[in-house]
Protein chains: 2
Amino acid sequence: MKNNNPYNSGLEQNKANFRPLTPIEFIQRAAEVYPHHPAVIYGDITRNWEQTYRRCLKLADALSRRGIGVGDTVSALLPNMPELLELHFAVPMIGAVLNAQNTRMDADTIAFMLDHSDCNVLFCDREFSDLASNALNSCAKPPLVIDVDDPTFNGGRPLGELSYQQLLLEGDENYVWQAPADEWQAITLNYTSGTTGNPKGVVYHHRGAYLNATSNIIGQNLPPQAVYLWTLPMFHCNGWCYPWAVTAVAGTHVCLRHLRADQVYQAINRYGVTHFCAAPVVLNMLLNAPEEQKTYFDHPVTVTTGGAAPPASIIEGMEKIGIQVVHAYGLTESYGPSVFCAFQSEWKDLKLEQKAEKMARQGVKAPALSALMVADPISLQPVPMDGISMGEVFIQSNTLMKGYLKNTQATTEAFQDGWFHTGDLAVRHPDGYIEIKDRAKDVIISGGENISTIEIEDLLYRHPDIFEAAVIAKPDEHWGEVPCAVVTLKGPEQGADPKIVTEQQIINFCRDRIAHFKCPKQVIFAPLPKTSTGKVRKNQLRALLQKG
Amino acid sequence: MKNNNPYNSGLEQNKANFRPLTPIEFIQRAAEVYPHHPAVIYGDITRNWEQTYRRCLKLADALSRRGIGVGDTVSALLPNMPELLELHFAVPMIGAVLNAQNTRMDADTIAFMLDHSDCNVLFCDREFSDLASNALNSCAKPPLVIDVDDPTFNGGRPLGELSYQQLLLEGDENYVWQAPADEWQAITLNYTSGTTGNPKGVVYHHRGAYLNATSNIIGQNLPPQAVYLWTLPMFHCNGWCYPWAVTAVAGTHVCLRHLRADQVYQAINRYGVTHFCAAPVVLNMLLNAPEEQKTYFDHPVTVTTGGAAPPASIIEGMEKIGIQVVHAYGLTESYGPSVFCAFQSEWKDLKLEQKAEKMARQGVKAPALSALMVADPISLQPVPMDGISMGEVFIQSNTLMKGYLKNTQATTEAFQDGWFHTGDLAVRHPDGYIEIKDRAKDVIISGGENISTIEIEDLLYRHPDIFEAAVIAKPDEHWGEVPCAVVTLKGPEQGADPKIVTEQQIINFCRDRIAHFKCPKQVIFAPLPKTSTGKVRKNQLRALLQKG
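Residues numbered from 1 in each chain as written. Chains lettered and ligands numbered in written order. Predicted model: local features only at pLDDT ≥ 70, side-chain atom pairs only at ≥ 80, totals over all residues.

Participant: Is there a simple way to think about the domain arrangement of chain A in this case?
Facilitator: In many reports, interface size means the accessible area that the parts give up when they come together. Domains assigned within chain A are domain 1 (44–204), domain 2 (259–439) and domain 3 (444–547). Between the C-alpha centres of domain 1 of chain A and domain 3 of chain A the distance comes to 39 Å. (Domains from an automatic or database assignment.)

Participant: I tried to follow unusual backbone geometry on my own but got confused; where do I start?
Facilitator: Residues apart from glycine generally show negative phi values, whereas peptide bonds are mostly found in trans. Residues other than glycine seldom take positive phi values, yet Ala250(A) does so here, at roughly 50°. In this structure Ala250(A) comes out as buried when scored by C-beta crowding, with 24 C-beta atoms within 10 Å. Positive phi values are uncommon outside glycine, yet Cys241(B) reaches one of about 75°. In this fold, Cys241(B) is placed in the loop between helix 8 (237–240) and helix 9 (242–248). (Buried ≥ 20, exposed ≤ 12 C-beta atoms within 10 Å, placed from the backbone. Helix = DSSP H or I, 4+ residues; strand = E, 2+ residues; numbered from the N terminus.)

Participant: Would you explain the interface of chain B and chain A in this entry?
Facilitator: The interface of chain B with chain A comprises 56 residues on the first partner and 56 residues on the second. Of all the secondary-structure elements, those providing two or more residues to the side of chain B that touches chain A are helix 1 (24–33), helix 7 (206–219), strand 16 (364–365), strand 18 (390–397) and helix 14 (408–414) of chain B. For the side of chain B that touches chain A, the leading source of residues is helix 1 of chain B, giving 4 residues. Considered class by class, the residues forming the side of chain B that touches chain A number 27 nonpolar, 18 polar and 11 charged. (Contact = placed C-beta atoms within 7 Å. Nonpolar A, V, L, I, M, F, W, Y, C, P; charged D, E, K, R; others polar.)

Participant: I would appreciate a short explanation of the relation of the copies chain B and chain A in the present structure.
Facilitator: Mapping between the two copies of the chain is achieved by a rotation about an axis and a shift along the axis. Rotating chain B by 180° and translating it 0.0 Å along the rotation axis places it on chain A, where the RMSD comes to 0.1 Å. Such a turn and shift between the copies fits a two-fold axis. Interface overlap between copies is the fraction of interface residues in one copy that are interface residues in the other; for chain B against chain A it reaches 100%, indicating a shared surface. (Least-squares fit on C-alpha atoms with pLDDT ≥ 70 in both.)

Participant: What's the story with the nonpolar core in this structure? I'm lost.
Facilitator: For soluble globular proteins, nonpolar side chains are generally found buried alongside one another. Formed by 302 residues in total, the largest nonpolar core has its most connected members in Ala60(A), Leu63(A), Phe123(A), Ala60(B), Leu63(B) and Phe123(B). For Leu63(A), the contacting residues outside a window of four places in its chain are Ile68(A), Val74(A), Ala90(A), Ile94(A), Ala96(A) and Val121(A). In terms of nonpolar packing, the next biggest core, distinct from the first, is built from 24 residues, Tyr461(A), Val486(A), Ile506(A) and Cys510(A) among them. (Core = buried A, V, L, I, M, F, W, Y, C linked by C-beta atoms within 7 Å.)

Printed below as a string of structure tokens:
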């Protein structure tokens, strides 16, 4: 090893050879290289990349003229529409931070987020005017409100001082955006849909957004000019970074305000959609759509799914209509999916059940991930790759948040020992694929044994009459905890005849298939409360159980 | 704008969320995710990713045990073989710098490079033992020599203390590679094949190698498990970063020691090659191969070409056998191609001549490029996008070298004013595509007018009897300079009957087609001296002209 390293001398960074990584460059390149290619389609509106880029520049300039800049927060209560896509570029162009809010939150939570982030500007769609109005009423320091007035939506009312359209008129399309001073600069803020306590504000940075976007492209094989359908909410971890990824390949964003099976089928056909993302429940909805709405796609379509493991029936059903399912796993803290189930060519020859079993696992590192490990949460010793030993999932990656806004303690805890602690429990299979078994806080400890609620839920989903299922711990004097299942049965919406299924029949179904100590001791027939992102609110179910 | 930016507080980088970008992670992931997938194919040898990764770890450990580390230089005189691919990962794993040398250089130049880079270790293939031996004899401080003993090659002799195989035995496959302390750390050294003076040592860094690899993947649409054929020398700008790009998609590297048309055709067919890179002369060779060697490919194959504009006949010929041609442009200083001719869908409907005219341009920014400009070299004012106004090509990008090793002056000049000065002259077309017209030092100034030598060469290539052509400036008392053409005619190798073509016929051919002041005033029939990368040595031609 050299004492005087000649490779460090006279070879410093300069303005030409070192540029902060930022996804803003993606839209600049798209507009330069493919100016006339459709950037965004929404109902009757189609705008090309040149038009979209110009709108972003105007918007950035207009916000800048109103004093918004580095370190300021711009929030949005918007559905999947072109304006929300534009905000993903315009807000970072002035160094401000975009906070796309979950439109299914309650007013109190929204008020909390507006205050906690010192929000300066809120963009609001009429569909959410009641919600926003309630939130603004309890806000300590209400932001400037700008209405996004979508003529295709009836209802609601404008709340703000001016409209998006009027704001654009204040801006100059010759605005010169500034790269962030540092690629570590914050770009967006995403509040976790925490099921307990106040939501935590997860801060993303320019570098991570750039790298996760390219990781999506490489991992999910987005070709140049990919056509992406917005079924996943753009407010959900910034749409898993697809606003940036699809723009980086100068693709086309097809936006839908509401998620309806017929519209999804139509859009895929009409625009030649190549990729979309959706939770398994959405895929279920597509498969259970009336036959006359359904269609077979003869061009390649890939759906990336997450939040829950896709059952074999969904994988098979989607393949039958020509859609390849890729299971992925991630958290708000990791810019969305950071692990995905890379398909191995030898799986092609497996029988469906076996193939689905492989494909339903969460998988392996996404390209951007530096390290993924399943390990003992105390010693950080990796568990054996035996598909049985459970440990916590740990990550190291440039695609991890800066931390939680104004919450140093939670940030420090999350990153303790130089690893991000996901709080998810998993096993690692001999082929290196991880399979999530539970949230650390959901796992059931019965007579000293860990029981994975996900394993029981997967089994319940295989019951022919069960539509949805969640398993929670029920306090038990003898065992400490025992599993309790909450299920809903298939009804006419799922094309099923109403049927009488008893608690005992379901318990027996389980006892025939898994170890008895893992079987639910109780089955409750009730609808499942869910977060806006489709996750079951197990804390509410547990409260329900407490009440009796 | 906030005085106290809350997004900068308690949100610092840590070991979990900030990792230096390095292409070493690509091979680690390939080995983890696709351990059994073929990584490299060379003759009868096929090794999968797990095997290849282990060999890299052993090699890294063995070099490390011999005291090689951060800031040291490891050189190679190797053809496109698995060992050279492995060096692209093993050498950076210990923080050292790989200098893959051009095997077509002369011994003096190689000796210069070994001394200039303080080379510690030289890996040498028997094919180049005479060359290496001569170089080592005139070396001030000869490095440790390690023979790569390829049983498929007959001839030459071992020169070194030990063989690659023996070295591997000294290493442990459980070696834990260290990420670079800083992503700006040097990763490779590539000497420019300068036509005058000593070659300059271009230093690449980990960050740039990572980003140019992902840029290749996105720009050239490398799918997961792409199959890449090594026709471009791996020593040429580190094979345009494809050793890293193909590994990042866990693809397969198909290596060929010698470039022979029959082997290229066979490899594409046999292994389902999806991508390769080659200069237009190589494509010419493929098209001029005997009919019985040629074949039509019914799977998608893309060739990226550069160094010279591909003539319409080559674009058409390649398409006829099922290969899509993409023209690219770059320099050693820019990690290879940083500009490429992105295909616009509306070109599909153009007639061949028009389509080829579009496709033969150098094009637009590659995904990793931050800025590309054609501007006045003094004022840095961009030229109008009219396809006529000539200016110098300037670049800003993370995929630009750190600088020239031990040459601060050249580094400073290259990066003056915050832009990399390419020394290439181009026009920019109304659609934003650039078209290189000349090297700044080759352009002919005749009666105050700039004449692009490339424009005249393109025309000469359209002459049915001309095989190769180069145009240089000839001093002229009246005009200052006038164009002089040096040409070779097609012979039996090109399937042509020998023909008598006169100087005057060629001049007339030009006068019928372009402005008379641009036409060659003299035509010399002579072979064209070329650099190892296929570029015509115009300085030698100019010397020839001086002499006679």
